[in-house]
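Each chain, letter by letter, is given below.
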Amino acid sequence: MMTNDTTTRMQRIRTRLETALSPLECVLEDDSARHRGHAGAASGGGHYNLRIISSQFEGLRLVMRHRLVYDSVHDMMHNEIHALAIVALAPSEVV
């Protein structure tokens, strides 16, 4: 069950991603419950899975795509976001 804090945090993450990357698709899932007791979870930072499709990823290597994602949420990393698993695709890569 997601708390209001978790919901608000996820909305903020989505808003930042949408503002920075204008995605065609942005699916963000909270995976924090599976990491309870994990050392990183003690800080209160959540574990999230992200699938994002953006034309801004066309022609970019994976590391640059991830950098664009991390740049959009950089100030949330290590306090509100402990881990972010990213699948970043360009529209041409989606079947």
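Residues numbered from 1 in each chain as written. Predicted model: local features only at pLDDT ≥ 70, side-chain atom pairs only at ≥ 80, totals over all residues. Heavy atoms only, no water.

What counts, and what does not: UniProt positions are given in the numbering used here, feature names are shortened, and annotations may be inferred rather than shown by experiment.
Looking at an unreviewed UniProt entry, the chain carries the name BolA family transcriptional regulator, with the source organism given as Janthinobacterium tructae. Per UniProt, the chain carries the Sequence similarities (unreviewed entry) text "Belongs to the BolA/IbaG family."

## With respect to the overall build of the chain
Stated formally: Working definition: helices are DSSP H or I runs of at least four residues, strands are E runs of at least two. Numbering for both runs from the N terminus. When a residue's accessible area, from a 1.4 Å probe over protein chains only, is under 20% of the maximum for its type it is buried; when over 50% it is exposed; and in between it is partly exposed. The contact definition used throughout considers only heavy atoms, calling two residues in contact when any of these lie within 4.5 Å.
Helices and strands together make up the secondary structure of the chain, namely 2 helices and 3 strands. Of the regular secondary structure in the chain, the N- to C-terminal order runs α-β-β-α-β. Out of the 95 residues in the chain, the part that is buried amounts to 37%. Within the chain, counting contacts between residues at least 6 apart in sequence, those at least 24 apart form 68% of the total.

## Section: the nonpolar core
The cut-off we apply is this: In plain words, nonpolar cores are sets of buried Ala, Val, Leu, Ile, Met, Phe, Trp, Tyr and Cys residues tied together by side-chain atoms within 4.5 Å.
One finds Ile-13, Leu-17, Leu-50, Ile-52, Val-69, Ile-81 and Leu-84 to be the most contacted residues of the largest nonpolar core, which totals 19 residues. Elements with a minimum of two residues in this core: helix 1 (4-21), strand 1 (25-30), strand 2 (46-53) and strand 3 (81-89). What Leu-50 contacts, discounting residues up to four positions off in sequence, is Leu-17, Cys-26, Val-27, Leu-28, Val-69, Leu-84, Ala-85, Ile-86 and Val-87.

## Re the confidence of the model for the chain
Filter applied, for reference: Note on scores: pLDDT gives the predictor's confidence for each residue, bounded by 0 and 100.
On average, residues of the chain carry a pLDDT of 88, and 86% of them reach 70 or more. The element-level mean pLDDT for the chain is lowest in helix 1, coming to 91, with helix 2 (residues 62-72) highest at 98.

## Topic: the pattern of salt bridges
For clarity, the cut-off: The term salt bridge refers to a pairing of a side-chain nitrogen on Lys or Arg with a carboxyl oxygen on Asp or Glu at a separation within 4 Å.
Scanning the model with the defined rule gives 5 salt bridges in all. Residues Glu-80 and Arg-12 are paired through a salt bridge, measuring 2.7 Å at the closest nitrogen-oxygen approach. With Glu-80 in the loop between helix 2 and strand 3 and Arg-12 in helix 1, this pair connects stretches of sequence that are 68 residues apart. When salt bridges with common partners are traced through the structure, they connect Arg-9, Arg-12 and Glu-80 into a single cluster.

## Description of helix 1
Every α-helix winds through 3.6 residues per turn, so residues three or four apart in the chain are directed the same way. Definition in use: Here, expected helix span is obtained from the residue count minus one, scaled by 1.5 Å. It is the directions from the helix axis to the C-beta atoms that the arc portrays.
The end-to-end C-alpha distance of helix 1 is 25 Å, a good match for the 26 Å that 18 residues give at a rise of 1.5 Å each. Among all positions in helix 1, only Thr-6, Arg-9, Met-10, Ile-13, Leu-17 and Leu-21 are buried. One side of helix 1 carries all its buried residues, which in axial view fall inside an arc of 95 degrees. Exposed residues lying more than 90 degrees from the buried face of helix 1 are Asn-4, Asp-5 and Thr-19. Elements in contact with the buried residues of helix 1: strand 1, strand 2, helix 2 and strand 3.

## Observations regarding unusual backbone geometry
Positive phi, normally seen in glycine, also occurs at Ser-22, with a value near 40 degrees. Secondary-structure assignment places Ser-22 in the loop between helix 1 and strand 1.

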